[in-house]
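Okay, here's what each chain looks like letter by letter:
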Amino acid sequence: MSVNKNEYLSALVDGELQGADLDWVLEQLAHNPKVQAQFHRYQLASDVMHDTVGFNLSQASQHNLTQRISAALVDEPVYSGSTPNATTESVEDNKVVPFRRGFWKQATGLAMAASLGAVAVLGVTSSQYATGPETTLAANTTSTVQTVSTLNTASNRWTVGEPEVANRLNSYLVNHSEYTGASGAFSYARVVAYEDE
Amino acid sequence: MEERKNVDQELVLRVQAGDKQAFDVLIMKYQQRIVHVITGFVHDPVEALDVAQEAFIKAYRAIPNFRGDSAFYTWLYRIAINTAKNHLTARARRAPLHDVDASDAVQIFDAPELKDFETPESNLMRDELEQSIHDAIDSLPDETATAIRLREFEGMSYEEIALTMGCPIGTVRSRIFRAREAIDKEVTTVMGGRE
């Protein structure tokens, strides 16, 4: 049934062979050089029609490459048919997993927004009370002369170690947190804090 | 439409199940295309074949993890491209900067400047083959010629051709086979004098 055999080969070239027919053809291809040569010619004609011929067109060359690769694979393991082993090397595993496209752009934008948010929060509060703390403190108590002088000498800076300054700062920080949470606005400055100098 | 399992998928499953010979079929099927792709990077014929061999070996080693998310050829194509680039890097050559989609490969690699791999003799043989194949198709009965043209030039499946031509899939398969037999006579004639 030579005709049927070649018809199966033709269907294999087209990727249209299934089940038992495929089994039969694969068996023939594995052991019958004539069938191999026929398949090569069918495939070559298809490649020529698609203009995807890559090397010397002689069948001998094509056989040689197939044989070379098969010989090189002799020492390679035969796979067991179990679920692909996660530890087995794969092309994808060899690569460093790249960040999603646009990740760095997003991250840079977020970082800049966070910086601006922090500057805005601290800048607004400090500008609103740039003179407030010193005048209030200076007017209300004589025992805070040192604080006043500290605040005066370091304009726009608070000595956060002072209880009142600390209380005020804490108040603003709490307000900031509550406002951003309650308003539904996205807080770019997610964590705002201060430290004693 | 009934979902038909792709032959490549079937072959991959067989390789994964321990059938090494199924991989030989994949090599036979794609060796020309893979070498064609690699020659876009590696112009020396001997090197290109070495790179192709390396690419197929890498594919075999990686095939247990191939899950069929993409077509087998697309996956193999990527391996071939990466292997070619690595080869160039190893040789301190300058590799192309961007990946190329499989769909763009034919146009890009057909560029005249990428044909260094080809020799006058191989060009002549290719031209002769192309001409003989077209002559063979032209001499076929209309229905047979239409079937092979729809398959090879339009990329239709047997099912699509059957719908287009209004005939059973088995008839399509027979027509395409008869066309291939006619083409094969010409191919054998052209190649017979070269081997």
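Residues numbered from 1 in each chain as written. Chains lettered and ligands numbered in written order. Predicted model: local features only at pLDDT ≥ 70, side-chain atom pairs only at ≥ 80, totals over all residues. Heavy atoms only, no water.

Undergrad: Tell me about the overall build of chain A, residues and numbers included.
TA: Check the secondary structure of chain A and you find eight helices and zero strands. In chain A, buried positions account for 38% of the 197 residues. Element-wise, carbon and sulfur atoms account for 56% of the exposed surface of chain A, whose accessible area totals about 11,900 Å². (Helix = DSSP H or I, 4+ residues; strand = E, 2+ residues; numbered from the N terminus. Buried < 20%, exposed > 50% of the residue type's maximum accessible area, 1.4 Å probe, protein only. Areas by Shrake-Rupley, 256 points an atom, 1.4 Å probe, with all protein chains shown as cover.)

Undergrad: Let's hear about the overall build of chain B: which residues, and what values?
TA: Scanning chain B from terminus to terminus reveals nine helices and zero strands. For chain B, the N- to C-terminal ordering of α and β elements is α-α-α-α-α-α-α-α-α. Expressed as a percentage of contacts within chain B between residues at least 6 apart in sequence, the contacts between residues at least 24 apart total 59%. (Contact = heavy atoms within 4.5 Å.)

Undergrad: I'd like to hear about the packing of aromatic side chains, residue by residue, with values.
TA: Residues and elements named next belong to chain B. Under the definition given, this model contains ten aromatic pairs over all chains. Here Tyr30 and Tyr73 contribute two aromatic rings whose centre-to-centre distance is 5.3 Å and whose plane-to-plane angle is 25°, an arrangement assigned as stacked. Of this pair, Tyr30 sits in helix α2 (residues 20-38) while Tyr73 sits in helix α4 (residues 72-90), placing them 43 residues apart in sequence. When the ring of Tyr73 is compared with that of Tyr77, the centres are 6.1 Å apart and the planes differ by 55°; the resulting orientation is tilted. Residue Tyr73 and its partner Tyr77 are located together in helix α4, separated by four residues, close to a single helical turn. (Phe/Tyr/Trp six-rings, centres within 6.5 Å; stacked < 30°, edge-to-face > 60°.)

Undergrad: Go over the confidence of the model for chain A with me, naming the residues and quoting the values.
TA: Looking at chain A, the pLDDT average stands at 68 and 48% of residues meet or exceed 70. The low-confidence segment residues 130-139 of chain A (pLDDT under 50) makes 14 contacts with residues lying over four places distant or belonging to another chain. (pLDDT = per-residue confidence, 0-100.)

Undergrad: Can you explain the interface of chain B and chain A? Please cite residues and give values.
TA: Residue-level contacts link 66 residues of chain B with 70 residues of chain A. Summing both partners gives a buried area of about 6,400 Å² for chain B against chain A, and 57% of it is carried by carbon and sulfur. Along the contact surface separating chain B from chain A lie seven salt bridges. Between Asp184 of chain B and Arg41 of chain A there is a salt bridge, with its nearest N and O atoms 2.7 Å apart. For the side of chain B that touches chain A, the elements supplying multiple residues, two or more each, are α1 (7-16), α2, α3 (45-62), α4, α6 (120-138), α7 (142-152) and α9 (169-192) of chain B. In terms of residue count, the dominant contributor to the side of chain B that touches chain A is α2 of chain B (13 residues). Classifying every residue of the side of chain B that touches chain A by side-chain character gives 31 nonpolar, 14 polar and 21 charged. (Buried area = accessible area lost by both parts, 1.4 Å probe. Salt bridge = Lys/Arg side-chain N within 4 Å of Asp/Glu carboxyl O. Nonpolar A, V, L, I, M, F, W, Y, C, P; charged D, E, K, R; others polar.)

Undergrad: Which residues make up the pattern of salt bridges, and what values do they have?
TA: For the structure shown, the criterion picks out 14 salt bridges over all chains. In this structure, Arg61 of chain B and Glu76 of chain A form a salt bridge, with 2.6 Å as the shortest nitrogen-oxygen distance. Separated into two different chains, Arg61 of chain B in helix α3 and Glu76 of chain A in the loop between α4 (59-72) and α5 (103-128) make up a pair that spans both. Here Arg61 of chain B falls in the partly exposed class, since its relative accessible area comes to 39%. One network of salt bridges, with partners in common, ties together Asp14 of chain A together with Arg151, Glu152 and Arg180 of chain B.

Undergrad: Which residues make up the side chain of Gln38 of chain A, and what values do they have?
TA: Tracing the backbone through its elements, the reader meets Gln38 of chain A in helix α3 (residues 33-50). On the basis of relative accessibility, which here comes to 9%, the residue Gln38 of chain A falls in the buried class. If we ignore the near neighbours within four places in the chain, the residues touching Gln38 of chain A are Asn6 and Leu9 of chain A together with Glu181 and Asp184 of chain B.

Undergrad: So, the packing of α6 of chain B against α9 of chain B: which residues are in play, and what are the values?
TA: All names here are of chain B. One can describe the packing of α6 onto α9 by two numbers: an axis separation of 9 Å at closest approach and a directional angle of 155°. Between α6 and α9, the crossing angle belongs to the class labelled roughly antiparallel. Relative to α9, α6 is oriented so that their crossing is right-handed. For the pair formed by α6 and α9, the contact residues are Met125, Glu128, Leu129, Ser132, Ile133, Ala136 and Ile137 on the first element and Ala182, Ile183, Glu186, Val187, Val190 and Met191 on the second. A class-by-class count of the residues in the contact of α6 with α9 yields ten nonpolar, one polar and two charged. (Axes fitted to C-alpha atoms, helices over the stretch in contact; angles between N-to-C directions. Parallel < 35°, antiparallel > 145°, perpendicular 65-115°, else oblique. Left-handed = near helix turned anticlockwise from the far one by under 90°.)

Undergrad: An account of the packing of helix α2 (residues 19-31) of chain A against α3 of chain A is requested, with residue identities and associated values reported.
TA: Residue and element names in this part refer to chain A. At their nearest, the axes of α2 and α3 sit 6 Å apart, and the two run at 105° to each other. In terms of axis orientation, α2 runs roughly perpendicular to α3. Note on element contacts: α3 touches α2 through Pro33, Val35, Gln36 and Phe39, opposite Gln28, Leu29, Ala30 and His31. In terms of residue class, the contact of α2 with α3 is built from five nonpolar, three polar and no charged.

Undergrad: Go over the environment of Asn4 of chain A with me, naming the residues and quoting the values.
TA: In this fold, Asn4 of chain A is placed in helix α1 (residues 2-13). Separated by 17 residues in the primary sequence, Asn4 of chain A and Asp21 of chain A place their C-alpha atoms 10.0 Å from one another.

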